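If you want the building blocks of each chain, they are given just below.
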Amino acid sequence: MNINDCRNIWVFVETEHGQVKNVALELINEGKKLAHTVGEELIAIVIGHKMENVVQTVISYGADQVILVDGAEYQDYTTDAYTNAFTKLIKIHQPSAVLVGATINGRDLAPRIACRMGTGLTADCTGLEISPEGEVTWTRPAMGGNLMANIICPNTRPQMGTVRPGVFKRGTSDKDRTANIIREEISTPEKEIRTKLRDFIHVAGIAGVKIEEADIIVSGGLGIGKAENFMLLQELASALGGAVAASRAAVDEGWISPLQQVGQTGKTVGPKLYIACGISGAIQHVAGMSSSDFVVAINKDPEARIFDIADFGIVGDLFEIVPLLTDEIRKRKK
Ligand code: FAD
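Residues numbered from 1 in each chain as written. Predicted model: local features only at pLDDT ≥ 70, side-chain atom pairs only at ≥ 80, totals over all residues. Heavy atoms only, no water.

Participant: What's the story with the packing of aromatic side chains in this structure? I'm lost.
Facilitator: The description of an aromatic ring pair uses the distance of the two centres, along with the angle that the planes make with each other. One pass over the structure, following the stated rule, counts five aromatic pairs. For the pair F12 and F86, a centre-to-centre distance of 5.9 Å together with 65° between the ring planes defines the contact as edge-to-face. Of this pair, F12 sits in strand β1 (residues 9-12) while F86 sits in helix α3 (residues 79-93), and the two are 74 residues apart along the sequence. For the pair F12 and F86, one class covers both residues: buried. Three or more aromatic residues joined by ring pairs make a cluster, and in this case those are W10, F12, Y74, Y77, Y82 and F86. (Phe/Tyr/Trp six-rings, centres within 6.5 Å; stacked < 30°, edge-to-face > 60°. Helix = DSSP H or I, 4+ residues; strand = E, 2+ residues; numbered from the N terminus. Buried < 20%, exposed > 50% of the residue type's maximum accessible area, 1.4 Å probe, protein only.)

This is the structure in structure tokens:
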């Protein structure tokens, strides 16, 4: 594709059971800022079946336009069908940049598209900027999180990147917003789809909520001491209506599932409230939670680095403080 013919920033709208994933709304908000900086538009790409609600949601969250591919073969995500539809859309509309959530499906789809298009992809970004010429600088941790790499894609289009959920904030919804919807007829023959969805197995955090979707997270580190003690955190999380997460050290001990790990090699989260219990605040952990709105740290070491980034710090023994907090919250809820 000729670079000069390419314009607009696209966001892949990932859905699950007909619901838009938070990361897509976060990318719409951030991608729109980039697009408007260079006088272009943010276009949401919706692929699926019977997606009218999804289209309305992404418009209400700020998409300037929507391109919709509707077909029964897109009901559930498959690499083959979505890659086929997406690459055809790129060839027709020639976007300048494509943002995809760094989720399991996003990490599967984006490299496949980049390879088909012969363009570059920066994975797992935590920062985005754009030059007046429309060149995106993709920032991501490198060398074990000790430095940040700024990556550009000067010679090919579209510029592509996956961005971690929770890094950016979604905008506010305006149900009265309207936007142009372009419907593209692209079908993928069944014989070209090599995987079949047999069943969905719901996976949730131990408090019943996925950490990447949670507004409140209670997180435990090595200071928790043993697996059974995570029950204390689960009780606090349940009282608050939140999810339980962990540092890698706690995961490595086998106390909690790797699905709950926050950090550079775990998940990036951006809840309204993050309560860190017995977590020292290593750079690799902070990389996954620093965009939380409000951080409370409970640690018996007053010198712990987690206090450097906490909005509210409690120096003390978590085994005394966490049950007190849980009781107090339960009392106030009555
Ligand atoms: P520690 O550093 O041992 O801290 C435990 C804390 O608990 C201490 O501050 C202590 O004062 C406190 N404490 C103990 N008992 C109590 C008590 N009773 N009450 C209150 N406080 C108490 N780490 C991650 O978390 N996520 C990642 O994704 C990640 N990725 C990594 C990638 C690489 C390449 C590398 C090299 C490391 C990575 N790490 C990651 C590991 C990271 O460097 C730290 O080792 C880890 O985060 C430490 O976990 P922690 O804070 O639970 O344990």
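Participant: Just checking my understanding: could you explain the packing of helix α5 (residues 230-240) against helix α9 (residues 318-333) for this structure?
Facilitator: Two quantities define a packed helix pair, namely the angle between the helix axes and the distance between the axes. Packing of α5 against α9 brings their axes to within 9 Å, and their N-to-C directions diverge by 25°. Of the possible angle classes, the one that applies to α5 and α9 is roughly parallel. Relative to α9, α5 is oriented so that their crossing is left-handed. Where α5 approaches α9, its residues L232, L233, E235, L236, S238, A239 and L240 are matched on the opposing element by F319, V322, P323, L325, T326, I329, R330 and K333. (Axes fitted to C-alpha atoms, helices over the stretch in contact; angles between N-to-C directions. Parallel < 35°, antiparallel > 145°, perpendicular 65-115°, else oblique. Left-handed = near helix turned anticlockwise from the far one by under 90°. Contact = heavy atoms within 4.5 Å.)

Participant: Explanation requested: the site of the ligand in the structure shown.
Facilitator: Contacts to the ligand come from 25 residues, most closely from L222, S247, T265, S280 and N299. Out of a free accessible area of 990 Å², the ligand has 75% covered by protein chains. Secondary structure elements with two or more residues in the shell around the ligand: α6 (248-252), α7 (283-286) and α9. Its residues placed into classes, the shell around the ligand shows seven nonpolar, 14 polar and four charged. (Near = heavy atom within 4 Å. Areas by Shrake-Rupley, 256 points an atom, 1.4 Å probe, with all protein chains shown as cover. Nonpolar A, V, L, I, M, F, W, Y, C, P; charged D, E, K, R; others polar.)

Participant: Before we go on, may I ask you to explain the pattern of salt bridges in this structure?
Facilitator: Two side chains bearing opposite charge may form a pair once their charged atoms approach each other closely. Using the criterion set out here, one finds 16 salt bridges in the structure. Residue E40 is joined to R7 by a salt bridge in which the shortest nitrogen-to-oxygen separation is 4.0 Å. Of this pair, E40 sits in the loop between α1 (22-37) and β4 (42-48) while R7 is found in the segment before β1, placing the two residues 33 residues apart along the sequence. For E40, a relative accessible area of 14% translates into the label buried. Across the pair E30 and K33 runs a salt bridge, and its minimum N-O distance is 3.3 Å. (Salt bridge = Lys/Arg side-chain N within 4 Å of Asp/Glu carboxyl O.)

Participant: Sorry, what's going on with the environment of L325 here?
Facilitator: Inspection of the secondary structure puts L325 in helix α9. Along the chain, L325 and T126 lie 199 residues apart, while their C-alpha atoms are 33 Å from each other. Apart from residues no more than four positions distant in its own chain, L325 is found in contact with L236 and I298.

Participant: Would you mind showing me how to read a positive patch on the surface here?
Facilitator: Residues K88, K91, R112 and R116 make up a contiguous surface patch of positive charge. Relative to the elements of secondary structure, K88 occurs in helix α3. (Patch = residues over 30% accessible without salt bridge, like charges linked within 9 Å, V, L, I, M, F, W, Y side chains within 5 Å. Lys, Arg positive; Asp, Glu negative; His and termini not counted. Charge placed at Lys NZ, Arg CZ, Asp CG, Glu CD.)

Participant: I keep staring at α9 and nothing clicks. Help me out?
Facilitator: For an α-helix, the turn length of 3.6 residues means that residues three or four places apart are oriented alike. Between its terminal C-alpha atoms α9 stretches 22 Å, which fits the 22 Å expected from 16 residues at 1.5 Å a residue. Buried within α9 we find L318, I321, V322, T326 and I329. One side of α9 holds all its buried residues, which, seen down the axis, span an arc of 130°. Exposed residues on α9 whose side chains face more than 90 degrees from its buried face are E320, L324 and K331. Among the structural elements, α5, β15 (273-277), β16 (294-299) and β17 (312-315) are those in contact with the buried residues of α9. Where α9 begins, the capping side chain belongs to D317, and its oxygen is found 2.9 Å from the backbone nitrogen of F319. (Expected span 1.5 Å × (residues − 1). Arc of directions from axis to C-beta. Polar contact = N/O pair within 3.5 Å; in protein donor to acceptor, adjacent residues only side chain to side chain.)

Participant: What is the right way to read the state of the cysteines from this model?
Facilitator: Each disulfide consists of a covalent bond between the sulfur atoms of two cysteine residues. Throughout the structure, instances matching the rule amount to zero disulfides. Left unpaired, C125 is separated from the closest cysteine sulfur, that of C153, by 11 Å. Of all cysteine sulfurs in the structure, the one in C6 sits closest to C153, which takes part in no disulfide; the separation is 11 Å. Classification of C153 by relative accessible area gives buried; the value is 10%. (Disulfide = S-S within 2.5 Å.)

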